[in-house]
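# Descriptive structure summary
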Amino acid sequence: MEIIHNPKELQQRALELRAEGKTIGLVPTMGYFHRGHLSLMDEARKRADVLITSLFVNPTQFGPSEDLENYPYDLDRDAALASEHGVDILFAPKKDDMYHGNHCTWVTVPDLTEILCGKSRPVHFRGVATIVTKLFMLAQPNVAVFGQKDWQQLAVIKRMVRDLDIPVEVVGHPVVREESGLAMSSRNVYLKDEERQQAPMIRKGLLKLRQEVENNISDCDTLKENLRNFYRTEIPLGTIDYIEIVHPDDITPLVKIEGPALCAVAVQIGSARLIDNILV
Ligand code: PAF
């Protein structure tokens, strides 16, 4: 496995590979790999000749009071794991090489980013859409794989690719969970013992909500209120950021469940802001 730090060097390599007729798969990440990331790499590996994984803790998607400074990072550990999962090129740029001092060009997808995580993290999706566009320009992928845990992120990237005619197939990959049901996240390392015991209730609550829908409760306010009460009882150490039921493609809030719907939640437990979702 090759490790490339320089963005222009990656772009040159990618253009050469494409000129040779090779297909490229990209898995963009912020590192500190867990089984979720590794499953994205396994999926992308099956879909392209050359697999590139990027590892970049993107500062522009963090707000001023968020965890940028503490975000876990271990290049050697991640490089070993990436290599075991068939990555050909690990792209690990430095912040100053990705953003010029006077960077001022942004990609925004406003219609999909005013609720859920976009509401409590106002600059987040602008940073995500911009860095993903840059990674697409640098790595020249035919296909890029993203986790469905960040469902809103996936919807934003799909919309951006469609609106800007970016020639990349965007693939969503199912959430990978710990045995307890807790969705894998690099931020799970922040959880203290007692918090870790309560965190799996996020998933339990979502499963309960799906059961209620199957039992013909379709009013979204009722479903959300029931889930809110469940979380208040079962996750006393948590603070609910949001519980929303939206259309899975355009992320618009639903009043009644009559077709495809996604329940998405964010709960702050200690210093970990945890998100999860379920299709109902
Ligand atoms: O999902 C993530 O880890 C990040 O938001 C991404 C897509 C790598 C952009 O920095």
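Keep in mind it's a predicted model, so treat the numbers as computed, not measured.

Assigned secondary structure in the chain consists of 10 helices and nine strands. C-alpha extents for the chain along the principal axes are approximately 55 × 40 × 40 Å. Counting the 280 residues in the chain, one finds 53% classified as buried. Of the contacts made within the chain by residues no fewer than 6 positions apart, 72% connect residues no fewer than 24 positions apart. Per element, the accessible surface of the chain, about 13,200 Å² overall, is 48% carbon and sulfur.

With 14 residues, helix 9 (residues 201-214) ought to run about 20 Å at 1.5 Å a step, and its terminal C-alpha atoms sit 20 Å apart, in line with that. The set of residues buried in helix 9 consists of Met201, Ile202, Arg203, Gly205, Leu206, Leu209, Glu212 and Val213. Contacts made by the buried residues of helix 9 are with helix 8 (193-198), helix 10 (220-234), strand 7 (238-246), strand 8 (262-269) and strand 9 (272-279). Among the residues trailing helix 9, Asn216 stands out with phi positive, at a value near 75°.

In this section: the nonpolar core. Counting 46 residues, the largest nonpolar core has Ile52 and Phe136 as the members making the most contacts within it. In terms of residue count, helix 6 (residues 124-139) provides more of this core than any other element does, nine residues in total. Once residues within four sequence positions are removed from consideration, Phe136 is found in contact with Leu26, Pro141, Ala144, Phe146, Ile157, Met160, Val161, Ile166 and Val168.

What follows covers the site of the ligand. Inspection of the region around the ligand gives Pro28, Thr29, Met30, Asn58, Gln61, Val128, Ile131, Phe146 and Gln153 as its neighbouring residues. Between Gln61 and the ligand, the recorded distance is 2.6 Å, taken from a side-chain N or O atom to an oxygen atom. In this structure, Gln153 approaches the ligand through a side-chain N or O atom, which is 2.7 Å from an oxygen atom. Protein coverage of the free-state accessible area of the ligand, which is 290 Å², stands at 88%.

This part is about the pairing of strand 8. Most of strand 8 sits out of view: seven of its eight residues are buried. The pairing of strand 7 with strand 8 spans eight bridges and is classified as antiparallel. Within strand 8, the position partnered with Thr239 by the bridge is Gln268. One ladder, built from eight bridges, connects strand 8 with strand 9; its direction is antiparallel. Bridge assignment links Val267 to a residue of strand 9, and that residue is Leu274.

Reading guide: rules and limits
- Residues numbered from 1 in each chain as written.
- Predicted model: local features only at pLDDT ≥ 70, side-chain atom pairs only at ≥ 80, totals over all residues.
- Heavy atoms only, no water.
- Helix = DSSP H or I, 4+ residues; strand = E, 2+ residues; numbered from the N terminus.
- Buried < 20%, exposed > 50% of the residue type's maximum accessible area, 1.4 Å probe, protein only.
- Contact = heavy atoms within 4.5 Å.
- Areas by Shrake-Rupley, 256 points an atom, 1.4 Å probe, with all protein chains shown as cover.
- Expected span 1.5 Å × (residues − 1).
- Core = buried A, V, L, I, M, F, W, Y, C linked by side-chain atoms within 4.5 Å.
- Near = heavy atom within 4 Å.
- Polar contact = N/O pair within 3.5 Å; in protein donor to acceptor, adjacent residues only side chain to side chain.
- Pairing = 2+ DSSP bridges.

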